[in-house]
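Next come the chains, spelled out residue by residue.
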Amino acid sequence: ERERQRFLEIAARRQQPAGRYGGVFFASLQQSLVLRDTAAARRILAEALARTPLDSMDPIDRPYGGLVRTYALAGDAGKARAFLEEYRRVTPPGLLRDSVGVQAMELHLALAEGRPRDALRTARAIRAAEHCVRCGAYEEALAWEQLGSESLIGSWVGGLFWDR
């Protein structure tokens, strides 16, 4: 908590509203993924949005990717979807096309909405686009977990190395 506050203070001194969210996302993900306290994670996000509203930033500087990811992993698919839709509405079309960032938002939303097969397809598309064997791997493991695969590790590893 102390480090998060320090990060927010530094961002405020530098007058970087979007930068204020980095520590917020970290703290929220820590609550969701490590402590399994999704209510605290959502509270952290809501406080940050109240402190630094998105409309105080240029649309291109708004941290939509982080908002979609953290709300999705905190179990609030509705807010995650709303931020993805807002991103699509306010972002110039040339920046939306074929964006790995958009795919990552769609990946997290698919997980939050309980669509693991869509999440698997999107994770693999990200990995292929980025030529990165680890990209989307954590999310892919979450998707396999949602599917209840008996051979979670085998399926996941198989997808990483042999499913090309």
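You'll find the structure just up there.
Residues numbered from 1 in each chain as written. Predicted model: local features only at pLDDT ≥ 70, side-chain atom pairs only at ≥ 80, totals over all residues. Heavy atoms only, no water.

S.K.: Explain the state of the cysteines to me, please; I cannot follow it from the model alone.
M.R.: By definition, a disulfide links the sulfur atoms of two cysteines through a covalent bond. The final tally for this structure, using the stated rule, is one disulfide. There is a disulfide in this structure between Cys132 and Cys135, and the S-S distance comes to 2.2 Å. Torsion about the S-S bond of the Cys132 and Cys135 cystine: about 90 degrees, corresponding to right-handed handedness. (Disulfide = S-S within 2.5 Å.)

S.K.: Sorry if this is basic, but what is going on with helix H3 (residues 38–51) here?
M.R.: An α-helical segment advances 3.6 residues per turn. Residues three or four places apart therefore align on the same side. The end-to-end C-alpha distance of H3, which contains 14 residues, comes to 20 Å, matching closely the 20 Å that a straight helix rising 1.5 Å per residue would cover. Buried within H3 we find Ala40, Ala41, Ile44, Leu45, Ala48 and Leu49. (Helix = DSSP H or I, 4+ residues; strand = E, 2+ residues; numbered from the N terminus. Expected span 1.5 Å × (residues − 1). Buried < 20%, exposed > 50% of the residue type's maximum accessible area, 1.4 Å probe, protein only.)

S.K.: In this structure, what is going on with the packing of helix H7 (residues 100–112) against helix H8 (residues 116–130)? I would like to understand it.
M.R.: Packed helices, taken two at a time, are described by the angle their axes make and the gap between the axes. Axis separation between H7 and H8 bottoms out at 8 Å; the angle between their running directions is 155 degrees. As far as their axial angle goes, H8 and H7 are roughly antiparallel. In this structure, H7 meets H8 at a crossing whose hand is left-handed. For the pair H7 and H8, contact is made by Val100, Gln103, Ala104, Leu107, Ala110 and Leu111 and by Asp118, Ala119, Thr122, Ala123, Ala125, Ile126, Ala129 and Glu130, respectively. Within the contact of H7 with H8, the residues separate by chemical class into 10 nonpolar, two polar and two charged. (Axes fitted to C-alpha atoms, helices over the stretch in contact; angles between N-to-C directions. Parallel < 35°, antiparallel > 145°, perpendicular 65-115°, else oblique. Left-handed = near helix turned anticlockwise from the far one by under 90°. Contact = heavy atoms within 4.5 Å. Nonpolar A, V, L, I, M, F, W, Y, C, P; charged D, E, K, R; others polar.)

S.K.: Would you mind showing me how to read the packing of helix H4 (residues 64–73) against H7 here?
M.R.: Taken N-terminus to C-terminus, the directions of H4 and H7 make an angle of 15 degrees; their axes are 8 Å apart at the nearest point. Of the possible angle classes, the one that applies to H4 and H7 is roughly parallel. The handedness of the crossing between H4 and H7 comes out as left-handed. Contacts between H4 and H7 pair Tyr64, Gly65, Val68, Arg69, Ala72 and Leu73 from the former with Met105, His108, Leu109 and Ala112 from the latter.

S.K.: What's the story with H8 in this structure? I'm lost.
M.R.: Across its 15 residues, H8 extends 21 Å between first and last C-alpha, which sits within 8% of the 21 Å expected from 1.5 Å per residue. Of the residues trailing H8, His131 is marked for its positive phi of about 50 degrees.

S.K.: Quick question: what am I supposed to make of the nonpolar core here?
M.R.: Ranked by size, the top nonpolar core spans 22 residues in total, and within it Tyr21, Leu49, Leu54, Leu67, Tyr71, Phe83 and Met105 carry the most contacts. Among the elements of the structure, helix H2 (21–34), H3, H4, helix H5 (77–90) and H7 are those that each provide at least two residues to this core. The greatest single-element share of this core, amounting to five residues, is contributed by H4. Setting aside its immediate chain neighbours within four residues, Leu67 contacts Tyr21, Phe25, Leu49, Leu54 and Phe83. Core analysis: the second largest hydrophobic core is formed by 12 residues, Leu29, Leu107, Ala110 and Leu142 among them. (Core = buried A, V, L, I, M, F, W, Y, C linked by side-chain atoms within 4.5 Å.)

S.K.: Would you mind showing me how to read the packing of aromatic side chains here?
M.R.: The geometry of an aromatic ring pair is captured by two quantities: the separation of the ring centres and the angle between the planes. Under the counting rule described, the total for this entry stands at three aromatic pairs. Ring geometry for Tyr64 and Phe83: centres 6.5 Å apart, planes at 50 degrees, overall tilted. Of this pair, Tyr64 sits in helix H4 while Phe83 is found in helix H5, placing the two residues 19 residues apart along the sequence. Overall, the relative accessible area of 1% leaves Tyr64 in the buried class. When its relative accessible area of 12% is taken as the criterion, Phe83 is described as buried. Ring centres 5.7 Å apart and planes at 25 degrees place the aromatic pair Tyr71 and Phe83 in the stacked group. Taken together, the residues Tyr71 in helix H4 and Phe83 in helix H5 connect sequence positions 12 residues apart. Side by side, Tyr71 and Phe83 carry an identical accessibility label, which is buried. (Phe/Tyr/Trp six-rings, centres within 6.5 Å; stacked < 30°, edge-to-face > 60°.)

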